[in-house]
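Commentary on secondary and tertiary structure
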Amino acid sequence: MEDKELNVVDHLDELRKRIIISAVAFVAFFIIGFVYVEDIYNWFVRDLDVKLIVLGPSDIVWIYFTLASLIAIAGTIPVLATQIWLFVKPALKPVERKVSLSYIPALFLLFIAGLAFGYFVIFPNVLSFLVELSGDMLVTNFTAEKYFRFVINMTLPFGVLFELPAVVMFLTSLGILNPYVLTKIRKYAYFILIVIAIIITPPDPVSDFLVIIPLLLLYEISVNLSKFVYKKRLKRMEQEEAEFVSE
């Protein structure tokens, strides 16, 4: 009983260590983002025909914290993924350690790809639709807070959703998930993804279509990647079993 309690304490200490390292990384990237926030801001507004306005001093602080946080999230992802891997590493076999480690750069690259898709594909189309919707009825002015909140809503969800293939492959490699389960729940997954797409886009069929199709393709890519990893895992297990029997 005491050994079990000690084991739980050791695991909790290890978990706390990984959380602290991830938190320190977030703070470090946040400071970097805060230092370069003016350059980041200028990059985001480079194509705007109007100058953003603020309604109070607190809006300026909000912009600094928001842009710095965005940089911190992107930079912390590989660190967080590494810490998760180090935490579960003792429970993995040598082959599983090697395979799962390769997903860490994939998580970061997919997150960046999702942000890029949201910013360069979804965001300009949705913004153009909303501006044209007002026509000559309204004078179009953007506050900095509203503009960047809109940018984040149009990009950050895609950064998270684009992680799906890597997460599915990782869970499949550990035996937690398999392609048969993904195929079985396909219609429910489709429904959830369509609801997400409708929620994060304005009531415009073109915008909905631009979001729904990539999300459904991501799911199908995840299913096929899961099949590939699952077959490799089964083959590896058969080889290990054959080696064990021969010994």
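Residues numbered from 1 in each chain as written. Predicted model: local features only at pLDDT ≥ 70, side-chain atom pairs only at ≥ 80, totals over all residues. Heavy atoms only, no water.

Things to note about helix α2 (residues 37-44)
Of the residues making up α2, those classed as buried are Val 37, Ile 40 and Phe 44. Projected down its long axis, α2 shows its buried positions confined to an angular sector of 60°, all on one face. The exposed residues of α2 that point more than 90 degrees off its buried face are Glu 38 and Asp 39. (Buried < 20%, exposed > 50% of the residue type's maximum accessible area, 1.4 Å probe, protein only. Helix = DSSP H or I, 4+ residues; strand = E, 2+ residues; numbered from the N terminus. Arc of directions from axis to C-beta.)

Some points on the environment of Leu 86
Within the element layout of this structure, Leu 86 appears in helix α3 (residues 57-88). Sequence separation of Leu 86 and Lys 51 is 35 residues, and the distance between their C-alpha atoms is 46 Å.

As for the nonpolar core
Counting 39 residues, the largest nonpolar core has Phe 44, Leu 52, Phe 123, Tyr 147 and Phe 148 as its most contacted members. Secondary structure elements with two or more residues in this core: α2, α3, α5 (103-134), α6 (144-161), α9 (186-200) and α10 (205-246). For this core, the element with the most residues is α6, which contributes eight residues. Leaving out residues up to four positions away in the same chain, Tyr 147 has contacts with Phe 44, Val 45, Leu 48, Leu 52, Phe 123, Leu 127 and Phe 142. Formed by ten residues, the second largest nonpolar core is a distinct cluster that contains Ile 77, Leu 92, Leu 107 and Phe 111. (Core = buried A, V, L, I, M, F, W, Y, C linked by side-chain atoms within 4.5 Å. Contact = heavy atoms within 4.5 Å.)

Re the packing of α3 against α6
The interhelical angle for the contact between α3 and α6, taken along N-to-C directions, is 20°, at an axis separation of 9 Å. Judged by the inter-axis angle, α3 sits roughly parallel to α6. Classified by chirality, the crossing of α6 by α3 is left-handed. Here α3 contributes Asp 59, Trp 62, Ile 63, Thr 66, Leu 67 and Leu 70 to the contact with α6, which in turn contributes Ala 144, Glu 145, Phe 148, Arg 149, Ile 152 and Leu 156. (Axes fitted to C-alpha atoms, helices over the stretch in contact; angles between N-to-C directions. Parallel < 35°, antiparallel > 145°, perpendicular 65-115°, else oblique. Left-handed = near helix turned anticlockwise from the far one by under 90°.)

Let's talk about the environment of Phe 65
Considering the arrangement of structural elements, one finds Phe 65 in helix α3. For the pair Phe 65 and Ala 144, spaced 79 residues apart in the sequence, the C-alpha separation amounts to 13 Å.

A look at the side chain of Gln 83
Looking at where Gln 83 falls in the secondary structure, it is placed in helix α3. In this view, Gln 83 contacts Arg 18, Ile 21 and Ser 22; residues no more than four positions away in its chain are not counted.

A word on the packing of aromatic side chains
When we look at a pair of aromatic rings, we describe it by the centre distance and by the angle of the planes. Under the defined criterion, the tally for this structure stands at 22 aromatic pairs. Plain terms: the ring middles of Phe 142 and Tyr 147 are 6.1 Å apart, the flat faces sit at 45° to each other, and that makes the pair tilted. Neither Phe 142 nor Tyr 147 differs from the other in exposure class; each is buried. Members of the aromatic cluster, each reached through a chain of ring pairs, are Tyr 41, Trp 43, Phe 44, Tyr 119, Phe 120, Phe 123, Phe 142, Tyr 147, Phe 148 and Phe 150. When the ring centre of Trp 43 is taken as origin, the NZ or CZ atom of Arg 46, which lies over that ring, is 4.1 Å away. (Phe/Tyr/Trp six-rings, centres within 6.5 Å; stacked < 30°, edge-to-face > 60°. Lys NZ or Arg CZ within 6 Å of the ring centre and 35° of its normal.)

Regarding α5
Over its 32 residues, α5 extends 45 Å from the first C-alpha to the last, a length consistent with the 46 Å expected when each residue adds 1.5 Å. The largest bend in α5 is about 40°, located at Ile 122, with the proline Pro 124 one to four residues further on. Among the residues trailing α5, Gly 135 stands out with phi positive, at a value near 60°. (Expected span 1.5 Å × (residues − 1). Bend = angle between axes of the 7 residues up to and from the residue.)

Some points on the pattern of salt bridges
This structure, assessed with the given rule, holds five salt bridges. Linking Arg 46 and Asp 47 is a salt bridge whose minimum nitrogen-to-oxygen distance equals 3.9 Å. For Arg 46, a relative accessible area of 38% corresponds to the partly exposed category. By relative accessible area, which is 60% here, Asp 47 ends up exposed. Residue Glu 145 is joined to Arg 149 by a salt bridge in which the shortest nitrogen-to-oxygen separation is 2.7 Å. Taken together, the residues Glu 145 and Arg 149, both in helix α6 and four residues apart, mark about one turn of the helix. Looking at Glu 145, the relative accessible area reads 23%, which means it is partly exposed. Classification of Arg 149 as partly exposed rests on a relative accessible area of 36%. (Salt bridge = Lys/Arg side-chain N within 4 Å of Asp/Glu carboxyl O.)

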